[in-house]
Structures are given as C-alpha cells and as structure tokens.
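Structural characterization, general
Chain by chain, the residues:
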Amino acid sequence: QVQLVESGGGLVQAGGSLRLSCAASGRTFSSYVMGWFRQIPGKEREFVAAISWNGGRVLYADSVKGRFTISRDNAKNTVYLQMNSLKPEDTAVYYCAADRGLMITTTVADRYDYWGQGTQVTVSS
C-alpha cells in the first residue's frame, strides 16, 4: 500500500512557474513508476509525465514537453513536477500516481495503482 500526498499547487500568472511535490509513504517507493496526471471538470484525467523507478527514463505529454520536468528523490520518497512557462490551458487539478513496476509501460490513468488527492493549479492570463 502506498499513500500519496501532493503539495505545491496555487495561482500563478501565465509565464510563471510552480513546483509540485508528491510525498509517498511506505518503504517500497523505489519499486514504483511515478506519474503526474491532470484533470479539468467534465474531462478525463490526462497524462502529463512519468518517471521510471530510478529516474533513468522519463516520458512527457506533447503538450508539456520542454516546459515541465519530472524528477524523483527515492531517499525522500518524493516525486516532483517542475512547471515552467505556464499557460492558462495548464489550469487543472494535478494528481500524482504510482504504478507497480520499475519501467514506464503505460500512460493510461486506469493502469496506475495508487493516487493522491490532487492539488489545484490555476494559471491566469
């Protein structure tokens, strides 16, 4: 069992930056692929980024490539999402998720095993 708690969301102007954090409980954090997803009301949860167990491989949605960076610190049981050059269309609730396994095999939300409660990111124009 893994419990995930996101933090770092907030209100920022377009062009600004935010860093999201996701702290995980448990001693097996390094056994999970970690992902970030986002969701706006009335739409399905959308893949944003994922990172393999040791950070050796990362994957991004085209919409955030070059602006967002995912990273992890296994010693701190934490995964991060650095978001730069934010746009109003990045406004959403951002969720971190854990997928059992070492390598990234999916970007489908339903395949992830554990979820945090989400943190709101609002980008004003």
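Structure first, text after, so check above.
This section reports on the structure supplied with the text. Just so it is clear, the model here is predicted, and its values are computed rather than measured. Note on numbering: residues in each chain are counted from 1, in written sequence order. Totals for whole chains, interfaces and linings use all residues, but because this is a predicted model, local features are given only for residues with pLDDT of at least 70 and pairs of side-chain atoms are given and counted only at 80 or more. Each side-chain value is worked out from all heavy atoms of the structure, with water and hydrogens disregarded.

Section: the overall build of the protein chain
By definition, any uninterrupted DSSP run of H or I lasting at least four residues is a helix, any uninterrupted run of E lasting at least two residues is a strand, and each is numbered from the N terminus. Each helix and strand in the protein chain was counted, giving zero helices and 11 strands. Within these notes, the globule rule equals 2.2 Å times the number of residues to the 0.38 power, and the radius of gyration is based on C-alpha atoms. For 125 residues, the compact-globule estimate of 2.2 N^0.38 gives 14 Å, and the protein chain sits close to it at 13 Å. Over its C-alpha atoms, taken along the principal directions, the protein chain stretches across nearly 40 × 30 × 25 Å. Any residue under 20% of the maximum accessible area for its type is buried, any over 50% is exposed, and the rest in between are partly exposed; the area is computed with a 1.4 Å probe on protein chains only. Relative to its full complement of 125 residues, the protein chain shows a buried share of 45%. In these tables, accessible area is a Shrake-Rupley quantity obtained with a 1.4 Å probe, and a residue counts as shielded only by the protein chains included in the view. Surface accessibility of the protein chain: about 6400 Å² in total, with carbon and sulfur atoms responsible for 47%. Averaging the locations of the 13 positively and 10 negatively charged side chains of the protein chain gives two centres separated by 5 Å. Think of it this way: Lys and Arg go in the positive column, Asp and Glu in the negative one, and His and the chain ends go nowhere. Where a charge lies is defined by one atom per residue type, namely NZ (Lys), CZ (Arg), CG (Asp) and CD (Glu).

A few points about the packing of aromatic side chains
Pairing of aromatic rings covers Phe, Tyr and Trp, the last through its six-membered ring, and needs centres within 6.5 Å; plane angles under 30 degrees mean stacked, over 60 mean edge-to-face, and all others mean tilted. In this structure the tally under the stated criterion is six aromatic pairs. Geometrically, the ring pair formed by F37 and Y112 is edge-to-face, given 5.0 Å between the ring centres and 75° between the ring planes. Residue F37 is located in strand β4 (residues 32–39), and its partner Y112 is located in the loop between β9 (92–100) and β10 (114–115); the two are separated by 75 residues in the primary sequence. Assigned by exposure class, F37 and Y112 land together as buried. Seen from their ring centres, Y95 and W115 are 6.3 Å apart, and the 80° between their planes marks the pair as edge-to-face. Linking Y95 in strand β9 with W115 in strand β10, this pair joins segments that are 20 residues apart in sequence. You can call W115 partly exposed: its relative accessible area is 26%. Following the ring pairs from residue to residue traces out a cluster consisting of F37, F47, Y95, Y112 and W115.

Digging into the pattern of salt bridges
Whenever a carboxyl oxygen of Asp or Glu lies within 4 Å of a side-chain nitrogen of Lys or Arg, that contact is scored as a salt bridge. One pass over the full model with this rule turns up five salt bridges. In this structure, the salt-bridge partner of R38 is D90, at a minimum N-O distance of 2.9 Å. On the criterion of sequence distance, the pair formed by R38 in strand β4 and D90 in the loop between β8 (78–83) and β9 is long-range, its members being 52 residues apart. One salt bridge in this structure joins R67 and D90, with 2.7 Å as the shortest N-O distance. Of this pair, R67 sits in the loop between β6 (58–60) and β7 (68–73) while D90 sits in the loop between β8 and β9, and the two are 23 residues apart along the sequence. Through salt bridges with shared partners, one network takes in R38, E46, R67 and D90.

Some words on unusual backbone geometry
One non-glycine residue, N77, adopts positive backbone phi at about 55°. Looking at the element boundaries, N77 is found in the loop between β7 and β8. On the accessibility criterion, N77 (16% relative accessible area) is buried. Even without a glycine there, the phi angle at S85 is positive, about 50°. In this fold, S85 is placed in the loop between β8 and β9. Overall, the relative accessible area of 42% leaves S85 in the partly exposed class.

Side note on the nonpolar core
Each nonpolar core is a collection of buried residues, namely Ala, Val, Leu, Ile, Met, Phe, Trp, Tyr and Cys, held together in the definition by side-chain atoms within 4.5 Å. Judged by nonpolar contacts, the single largest core of 38 residues is most densely connected at L4, M34, W36, L81, M83 and Y94. Elements that contribute at least two residues to this core include exactly β3 (18–24), β4, β5 (46–51), β7, β8, β9 and β11 (119–124).

Worth remembering: the numbers are spatial, not functional.
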